[in-house]
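Okay, here's what each chain looks like letter by letter:
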Amino acid sequence: MKSQDIRKQFLQFFESKEHLIVPSAPIVLKDDPTLMFNNSGMAQFKEYFLGNATPKSNRIADTQKCLRVSGKHNDLEDVGFDTYHHTMFEMLGNWSFGDYFKKDAINWAWQLLTEVYKIPKENLYVSVFEGNAEENVPFDQEAWDIWKELIDEDRIILGNKKDNFWEMGDQGPCGPCSEIHVDLRTETEKSQVSGKSLVNNDHPQVVEIWNNVFMEFNRKADGSLEKLPAQHVDTGMGFERLCMALQGKTSNYDTDVFTPLIEKVEQISGLKYTSNEVTNISEEQNKTNIAIRVIVDHVRAVAFAIADGQLPSNTGAGYVIRRILRRAIRYGFTFLKTKEPFIHQLVEVLANQMGEFFPEIKSQQQLVTNVIREEEASFLRTLEQGLQLLDKVVAETSGKEVSGEKVFELYDTFGFPKDLTALILKEKGYSFNETEFETELQKQKARSRAASEVSTEDWKVLIPGNVETFVGYDQTENNVKITRIRKVDSKKEGVLYQIVLDNTPFYPEGGGQVGDKGTLVSANETIEIIDTKKENNLILHFAKQLPENVEAGFVAKVNTDLRTSTSKNHSGTHLMHLALRNILGTHVEQKGSLVNPNYLRFDFSHFSKVSDEELRQVEASVNQQIEAQLQLVEYRNIPIKEALDKGAMALFGEKYGDNVRMIEFGESKELCGGIHVKNTADIWHFKIVSEGAVAAGIRRIEAITGDAVKDFYKNQEDTLSEIKEALKNPQDVLKSVVTLQEDNAKLKKQIEQLLKEKINGLKNNLQTEFTEVNGIQFLAKQVDLSMSSTKDLTQALGTAKENAFVFLASVEEGLPNIHCYISKELVAEKQLNAGNVIRELGKLIDGNGGGQPFFASGKGKNASGITEAINKTNDFLK
């Protein structure tokens, strides 16, 4: 059975059980501050489990793209070494929100697996929760009784809290679960060892394929459990593992989920992958297999993340994506001997494979390909730099063990992987101190954990029920009551309080727009709101202190100055998006944005630098729309199909409901939940301040509107006045500047000529000052030159003499610099090393430096140390 058919049958089965089939949420989470990525099927339904929103159906089924590479669920380092761990995977799931419970969930799971998919019953084992006396949670008798009607009791396993009690996180909904495991071993293997003993023991052919979670409890901040008001079902079945079982394979990578990608890698690399059924493979072949598994797994994660709007970068979720891709590149570089970008060629295969169920990978195929190709080329250059740095580290090492700190520096600063370093060092006859490396790694992890550590108390509910509403489109001030509060303590921001209001005018951060700031005012006090965010459908108002009387009535007041500036920038973003599409082409799509009171930032797909003329056209187009005084037309709650039929643009990577808000300014029509001006004339003026590249095929524009433009032109005017004054107020400023530049160029040429003559004169004079020490032509001296000229003179003197050892120092702008040249024959015969000379003598000028054994340079902070450095140069000749 093909994987596409397996996926279809799952969805059709639950559709027949009256489940609403919903599309996968994006793999990248933009509006959930607690998660970077969708790491489970239930992530997009958290607000329903928490009771903060009502689902459109009490029964839902889907296939969800998931990514587990950060935080609590992190499988990255296992991927490739076994046959069933993945970074990105699909989670088939069916959900009940206060509707059916254990009986239907278990019976339907059994029916689908044994009657529809026809997995032999004798290959299946199930587990139920054994209970936990410490938490007063009993053995799951109900699940046991249901299962024993379907399967022999000797195939039912009792599971502990670790295996059979599922939790969303440290706090929140949780409950016992019942897993289904499949035994894919041969009959001979089954006769020798019972599958029951291998369940949950990391056996590659006895694996969990489905988990039925029964949400019964809420985990509180103090660790205690309380019963939820409604019981829910949350199930997840690993699609890749299911395909392995149904296609008669013993490895996920031997299924048609991965084989087309593997075949493409084989074609590119010229190397063969051996299936899991082949035994007694060589060590070399095993390394090839691991590398190919890493590559075909990782390209899926990276491609879907980029398609959903997350570009590789150096921070946050972007860094995780970059790290995954670099791991794949490095495995190809090391074990498949691929020295040129090639992973981007797999995107086409992936798009053809999965485009039917996940159309974003097909529509974003070109962008994904371009971004991955550029990332590959960039990291391959980094690998080359790393090799040079490693050569330098080896040259500086006495003995055969390299410092673990140096290896960590290569890893941390340059992204050079530890195992690749180990491999290269081994080839050179070296090793490195792994204990030192691990110590540095743990220090970094501790710093990272400390910086992100957050403790969150339970909600104190003042007004029960889901009563919160957002009124900020119409009001910036209104009477409110506090419905719930909680304390949050983080290392980064200290103690903050989250406040939820019954009806709030504060806009929560989302869609690129920053959250509102303002105040809560009562008869007795004023509380400052420093930020507003949304989490699990609750609008959270952040404050550094709580009101003395949280049950009082308040007036919520948005900071209208900040709100107004932000709205101008947000509406300007929409107008610019339209202008870019009209001027550059309809391939332009938003790939990210930031809208705050000071400026707007807009990332978009485009294949080349936007020319100055095109930028002028974009500016002119936006300002024409501003001058046209276009009135805001707002469709606040219309069906998404109707909005799209009206011409609204939907952005990839955004999650839209059945009903949406549409913003229209003339031809500009977008789905958007943000705050906007009532008329484009309110923007006053639009000015682009920068344009540049973010990634391959992605450009970024930063622009300003309103008062920021006034300030911009005022600064320009002030700068021009200062230039005029400096030039003695000429009539033609531009002509004066050009004349000044021409005069400066002439003077520079004269100075360069004089400097050359000075260096030649010094060279001739200094050649007579060499002395012979132990057969070495030696010179050590301070000269009155710039750093670059001193460096040139050192090399010129060194190359002019045989067996030369030259050490020159100078001072530029109060800071000392030193340079050392040693003839290559001295380096070879007497083991002299210019890098060592500079590192040792650099200490005397409070500096450092380095270079090659025959030439090195350094600089410092203490010019008074030069004399001692020159005097100690002789020590290296003994």
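Below you will find a few notes about this structure. Note that the structure is predicted; figures quoted are calculated from it, not measured.

## So, the overall build of the protein
When you go through the protein residue by residue, the secondary structure sums to 25 helices and 37 strands. Expressed along its principal axes, the backbone C-alpha trace of the protein runs to roughly 105 × 80 × 55 Å. When the 878 residues of the protein are sorted by exposure, 50% land in the buried category. When contacts within the protein are restricted to residue pairs at least 6 apart in sequence, those whose partners lie at least 24 apart make up 68%. Separation between the mean location of the 103 positive side-chain charges and that of the 129 negative ones in the protein comes to 3 Å.

## Quick look at the side chain of Asp 254
Structurally, the position occupied by Asp 254 is in the loop between helix H7 (239-246) and helix H8 (259-269). Put simply, Asp 254 is tucked away with no salt bridge, and the nearest opposite charge, on Lys 249, sits 6.4 Å away. In this structure the side chain of Asp 254 is engaged in a polar contact, spanning 2.9 Å, whose partner is the backbone nitrogen of Asn 276. In this structure, Asp 254 is in contact with Lys 249, Thr 259, Tyr 273, Ser 275, Asn 276 and Glu 277, ignoring residues within four places of it in sequence.

## What about the sheet that holds strand E27 (residues 633-639)?
Strand order in this open sheet of three strands is E27-E28-E29, and the pairing throughout is antiparallel. Strand pairing shows two members of the sheet lacking a second neighbour, E27 and strand E29 (668-671), which therefore form its edges. Direction aside, the axes of adjacent strands within the sheet are offset by 20° on average. Of the strands in this sheet, strand E28 (659-665) and E29 are in contact with helix H17 (residues 560-584), which crosses E29 at around 115°.

## Focus on a positive patch on the surface
Side chains of Lys 287, Lys 337, Lys 339 and Lys 426 sit close together on the surface and give a patch of like positive charge. Relative to the helices and strands, Lys 339 is located in the loop between helix H10 (316-335) and helix H11 (346-354). For Lys 339, a relative accessible area of 43% corresponds to the partly exposed category.

## Details of unusual backbone geometry
Its identity as a non-glycine residue notwithstanding, Lys 337 has a phi of 60°, on the positive side. Checked against the element boundaries, Lys 337 lands in the loop between H10 and H11.

## Here we look at the pattern of salt bridges
One pass over the full model with this rule turns up 46 salt bridges. The residue Asp 308 makes a salt bridge to Lys 65 at a minimum N-O spacing of 2.9 Å. Residue Asp 308 is located in the loop between helix H9 (283-307) and H10, and its partner Lys 65 is located in strand E2 (residues 59-67); the two are separated by 243 residues in the primary sequence. Taking relative accessible area as the criterion, Asp 308 reaches 3% and is therefore assigned buried. Between Glu 216 and Lys 102 there is a salt bridge; the shortest N-O distance is 3.3 Å. Of this pair, Glu 216 sits in strand E10 (residues 206-219) while Lys 102 sits in helix H3 (residues 102-116); the two residues are 114 residues apart in sequence, bridging distant segments of the chain. Judged on exposure class, the residue Glu 216 and its partner Lys 102 are both buried. Each of the salt bridges in this network shares a partner with another, and the network as a whole consists of Lys 102, Asp 140, Glu 142, Glu 216 and Lys 227.

## Description of the pairing of strand E36 (residues 848-851)
Of the strand pairs in this sheet, E36 and strand E37 (residues 855-859) are connected by four bridges, and their pairing is antiparallel. Across the sheet, residue Gly 849 finds its bridge partner in E37, namely Gly 858. Connecting the antiparallel pair E36 and E37 is a turn made up of three residues.

## Section: the packing of helix H1 (residues 3-16) against H3
The relative placement of two packed helices comes down to the angle between their axes together with the axis-to-axis distance. Where H1 contacts H3, the two axes come as close as 11 Å, and the packing angle between them is 135°. Accordingly, the angle class assigned to the pair H1 and H3 is oblique. In this structure, H1 meets H3 at a crossing whose hand is right-handed. Along its contact with H1, which presents Gln 9, Phe 10, Phe 13 and Phe 14, the element H3 presents Trp 108, Gln 111, Leu 112 and Val 116. Across the contact of H1 with H3, the residue classes break down as six nonpolar, two polar and no charged.

## Quick look at the pairing of strand E18 (residues 494-501)
Of all eight residues making up E18, six are buried, and the element is well covered by its neighbours. In the sheet, strand E17 (residues 477-490) pairs with E18 via eight bridges, with the strands oriented antiparallel. Bridge assignment links Asp 489 to a residue of E18, and that residue is Val 495. As consecutive antiparallel partners, E17 and E18 are separated by three residues.

## Side note on the packing of aromatic side chains
If you walk through the whole model with that rule in mind, you get 27 aromatic pairs. Where Tyr 48 meets Phe 97, the ring centres are 5.4 Å apart and the plane angle is 75°; that geometry is what we call edge-to-face. Of this pair, Tyr 48 sits in helix H2 (residues 46-49) while Phe 97 sits in strand E5 (residues 88-97), placing them 49 residues apart in sequence. In this structure, Tyr 48 and Phe 97 share a single accessibility class: buried. Ring pairs connect the aromatic residues Phe 45, Tyr 48, Phe 49, Trp 95 and Phe 97, which therefore count as one cluster. The ring of Phe 333 carries Lys 339 above its face, with NZ or CZ at 4.3 Å from the centroid.

## Description of the sheet that holds strand E30 (residues 686-695)
As summarised here, the arrangement of the four strands in space is E25-E26-E31-E30, forming an open sheet in which the pairing is antiparallel. Strands at the two margins of the open sheet, each flanked by one partner only, are strand E25 (590-595) and E30. Within the sheet, the average angular offset between the axes of one strand and its neighbour, ignoring direction, is 15°. Sheet topology places strand E26 (residues 600-605) next to strand E31 (residues 698-705); six bridges connect them, and they run antiparallel.

## Regarding H3
For H3, spanning 15 residues, the distance from its first C-alpha to its last is 20 Å, which sits close to the expected 21 Å at 1.5 Å a residue. Every buried residue belonging to H3 is among Lys 102, Ala 105, Ile 106, Trp 108, Ala 109, Trp 110, Leu 112, Leu 113 and Thr 114, and all of these are buried. Trailing H3 by a residue or two, Lys 118 shows a phi angle of about 60°, which is positive.

## Some words on helix H24 (residues 834-842)
Of the positions making up H24, those classed as buried are Ala 834, Gly 835, Val 837, Ile 838, Leu 841 and Gly 842. Down the axis of H24, the sector holding all buried residues measures 160°, keeping them to one side. Taking the backbone nitrogen of Gly 835 as reference, a side-chain oxygen 2.8 Å away marks Asn 833 as the first, capping residue of H24.

## Observations regarding the nonpolar core
Residues Tyr 117, Trp 210 and Ile 343 are the most contacted members of the largest nonpolar core, which totals 115 residues. Among the elements that make up this core, the one with the highest residue count is H9 (14 residues). With residues up to four places along the chain from it excluded, the contact list for Tyr 117 reads Met 1, Ile 6, Gln 9, Phe 10, Leu 112, Met 237, Leu 242 and Leu 246. Judged by nonpolar contacts, the second largest core, of 24 residues, contains Ala 579, Val 588, Val 618 and Phe 686.

Each value, and the rule that gives it
- Residues numbered from 1 in each chain as written.
- Predicted model: local features only at pLDDT ≥ 70, side-chain atom pairs only at ≥ 80, totals over all residues.
- Heavy atoms only, no water.
- Helix = DSSP H or I, 4+ residues; strand = E, 2+ residues; numbered from the N terminus.
- Buried < 20%, exposed > 50% of the residue type's maximum accessible area, 1.4 Å probe, protein only.
- Contact = heavy atoms within 4.5 Å.
- Lys, Arg positive; Asp, Glu negative; His and termini not counted.
- Charge placed at Lys NZ, Arg CZ, Asp CG, Glu CD.
- Salt bridge = Lys/Arg side-chain N within 4 Å of Asp/Glu carboxyl O.
- Polar contact = N/O pair within 3.5 Å; in protein donor to acceptor, adjacent residues only side chain to side chain.
- Pairing = 2+ DSSP bridges.
- Axes fitted to C-alpha atoms, helices over the stretch in contact; angles between N-to-C directions.
- Patch = residues over 30% accessible without salt bridge, like charges linked within 9 Å, V, L, I, M, F, W, Y side chains within 5 Å.
- Areas by Shrake-Rupley, 256 points an atom, 1.4 Å probe, with all protein chains shown as cover.
- Parallel < 35°, antiparallel > 145°, perpendicular 65-115°, else oblique.
- Left-handed = near helix turned anticlockwise from the far one by under 90°.
- Nonpolar A, V, L, I, M, F, W, Y, C, P; charged D, E, K, R; others polar.
- Phe/Tyr/Trp six-rings, centres within 6.5 Å; stacked < 30°, edge-to-face > 60°.
- Lys NZ or Arg CZ within 6 Å of the ring centre and 35° of its normal.
- Expected span 1.5 Å × (residues − 1).
- Arc of directions from axis to C-beta.
- Core = buried A, V, L, I, M, F, W, Y, C linked by side-chain atoms within 4.5 Å.

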